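Residue-level listing of the chains:
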Amino acid sequence: MHTTRTTHTTRKPLAVLAAALGALAALVAFTACGKKTSSGDSSSGLTGKAGASAIQFHNQLIEFNKTARQPLQKILDETKKSQEFITYTPGKPMWHLIFVGINPYDKLAENNLAAPTAFAKDDREYFNSRIKLTKDGATELNKIVSTLITYYRADDYKEDKHQKFLDTEPRIQALVEQIAKATDEMGERSEKIASAAERETLKKEPLGIYILNMRDIMGKCEEQMEILMDERLVRAGSGTESKTDAQKAEAYAKVKDLLDPAEALSKEIADMAVTFKATDMSTLKKRTAPTLAKDYEEFFEKLEKQQADVRQNIRFAKEWGYIGTESSMKNLGGTVRDVIGAHNRFIDDVNRGL
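Residues numbered from 1 in each chain as written. Predicted model: local features only at pLDDT ≥ 70, side-chain atom pairs only at ≥ 80, totals over all residues. Heavy atoms only, no water.

Regarding the packing of aromatic side chains
Definition in use: Aromatic pairing here means that ring centres of Phe, Tyr or Trp (its six-membered ring) are within 6.5 Å. Orientation follows from the plane angle: under 30 degrees is stacked, over 60 is edge-to-face, and everything else is tilted. Starting at the N terminus, helices and strands are each numbered in turn, a helix being any DSSP run of H or I of at least four residues and a strand any DSSP run of E of at least two. Distance and angle both matter: a charge sits over a ring if NZ of Lys or CZ of Arg is within 6 Å of the ring centre and within 35 degrees of the ring normal.
Summed over the entire model, instances satisfying the criterion amount to 13 aromatic pairs. An angle of 40° between the planes, with centres 5.3 Å apart, marks the rings of Tyr152 and Tyr157 as tilted. Between Tyr296 and Phe300 the ring centres are 5.0 Å apart and the planes differ by 80°, which places this aromatic pair in the edge-to-face class. Remark: Phe300 and Tyr296 occur in helix H10 (residues 291-320); sequence separation between them is four residues, near one turn of the helix. Through a chain of ring-to-ring contacts, three or more aromatic side chains come together here, namely Phe57, Phe119, Tyr126 and Phe127. The cationic tip of Arg189 hangs over the ring face of Tyr126; the distance from NZ or CZ to the ring centre is 3.8 Å.

Here you go:
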């Protein structure tokens, strides 16, 4: 069995590894940032070759989306700098640095990605329309950047006071948003379809039960963290103000709808951990090296520490009505990485044949 490790990028539901025709294929655990979209259940539960095609498409889509999104921040940054040059700064912007080296949008134009024929009609239309939106947006942005490069190199901005940029700016913003939205939506929907296909295959794999156990817990941890990262739990003020018991109770009441479900998830995660730690380990212990069994045990050790941090923060928030500063919130969110890292070590060692 061969598979790949997963990475954590945003607070999103995890995807999973997937078996394709007997060999586990590569999937990334977390999608790019963006709000959740409709799930696309019509193609869920694919098995066999159809499931393999869903997994392969998801892997290809990850690379497609990465290529499409790669220049967006640079483009936004240069747009902001161009505005500053007009108002405050002498000189001119550096649009020629956007596509230094290999132009990702030239690469994207040659990409023939399309939804698998195994997908339901509505899903094929959903993905293919967004693939087109992404490619069309990238092509147009590519032309705009090329035009601005020529414009500023020729110093034409001196004659019209940057008017060509000003006329183009709204379209740049719209195209960036178009690409970001389309790729977000595709990633979310594809992840769900591929994860469902993978899950069915993992059930039949000797090591599948251990991967699914870890993934199910990781999903609950992500769900919990999404609740706890709510901006209402960010501290307001310096934090040095004294509060009466009545004021503390009032502050807690305002975030009770967040803390109660987060606390309930802690109990659910703890119960899952007890059950999953008791899973028959004979399959792991029969391996040539005892590494996988240790990796599996380490996952629960990391989980226990992570959940201890969560419980501590929930208790604090129940008393004061907040978790802390944006920095402390970020630190809490980062604790999930240790759990994911333990899972990744298990996957790495599977790939090494241990």
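Details of the packing of helix H7 (residues 208-228) against helix H12 (residues 336-351)
As a reminder of what qualifies: Note on geometry: axes are lines fitted to C-alpha atoms, helical ones only across the stretch in contact, with angles between N-to-C directions running from 0 to 180 degrees. Orientation is classified from the angle alone, with under 35 degrees giving roughly parallel, over 145 giving roughly antiparallel, 65 to 115 giving roughly perpendicular, and any other angle giving oblique. In this scheme, a crossing is called left-handed if the near helix is turned counterclockwise away from the far one by less than a right angle; it is called right-handed if the turn is clockwise. Contact between two residues is taken to exist if any of their heavy atoms lie within 4.5 Å; hydrogens are not considered. Here the nonpolar group is Ala, Val, Leu, Ile, Met, Phe, Trp, Tyr, Cys and Pro; Asp, Glu, Lys and Arg are the charged ones; every other residue, Gly included, is treated as polar.
In the contact formed by H7 and H12, the axes pass within 10 Å of each other and the chain directions differ by 165°. Taken together, the axes of H7 and H12 lie roughly antiparallel to each other. Like other packed secondary-structure pairs, H7 and H12 cross with a definite hand, here left-handed. In this structure, H7 uses Tyr210, Ile211, Met214, Arg215, Met218, Glu222 and Met225 to contact H12, whose residues at the interface are Val336, Val339, Ile340, His343, Phe346 and Ile347. Across the contact of H7 with H12, the residue classes tally to ten nonpolar, one polar and two charged.

What about the environment of Gly333?
Relative to the helices and strands, Gly333 is located in helix H11 (residues 326-334). For Gly333 and Leu228, which are 105 residues apart along the polypeptide, the C-alpha to C-alpha distance reads 8.2 Å. In contact with Gly333, other than residues within four places in its own chain, are Met225 and Met229.

Side note on the nonpolar core
Worth spelling out the cut-off: Nonpolar core, defined: a set of buried Ala, Val, Leu, Ile, Met, Phe, Trp, Tyr and Cys residues in which side-chain atoms within 4.5 Å join the residues together. Type-normalised accessible area, obtained with a 1.4 Å probe on protein chains alone, sets the label of each residue: buried when under 20%, exposed when over 50%, and partly exposed for intermediate values.
By size, the foremost hydrophobic cluster in this structure holds 45 residues, and its most contacted members are Ile217, Leu228, Leu284, Tyr296 and Phe346. Breaking this core down by element, the ones donating at least two residues are H7, helix H8 (245-277), H10, H11 and H12. If we ignore the near neighbours within four places in the chain, the residues touching Leu228 are Leu233, Leu259, Ala262, Val310, Ile314, Ile323, Met329 and Leu332. Phe57, Tyr126, Ile179 and Ile193 belong to the second largest nonpolar core, which has 37 residues in total.

Side note on unusual backbone geometry
With phi around 60°, Lys161 is a residue other than glycine that occupies positive phi space. Its identity as a non-glycine residue notwithstanding, His162 has a phi of 70°, on the positive side. Tracing the chain through its elements places His162 in the loop between helix H5 (157-160) and helix H6 (163-202).

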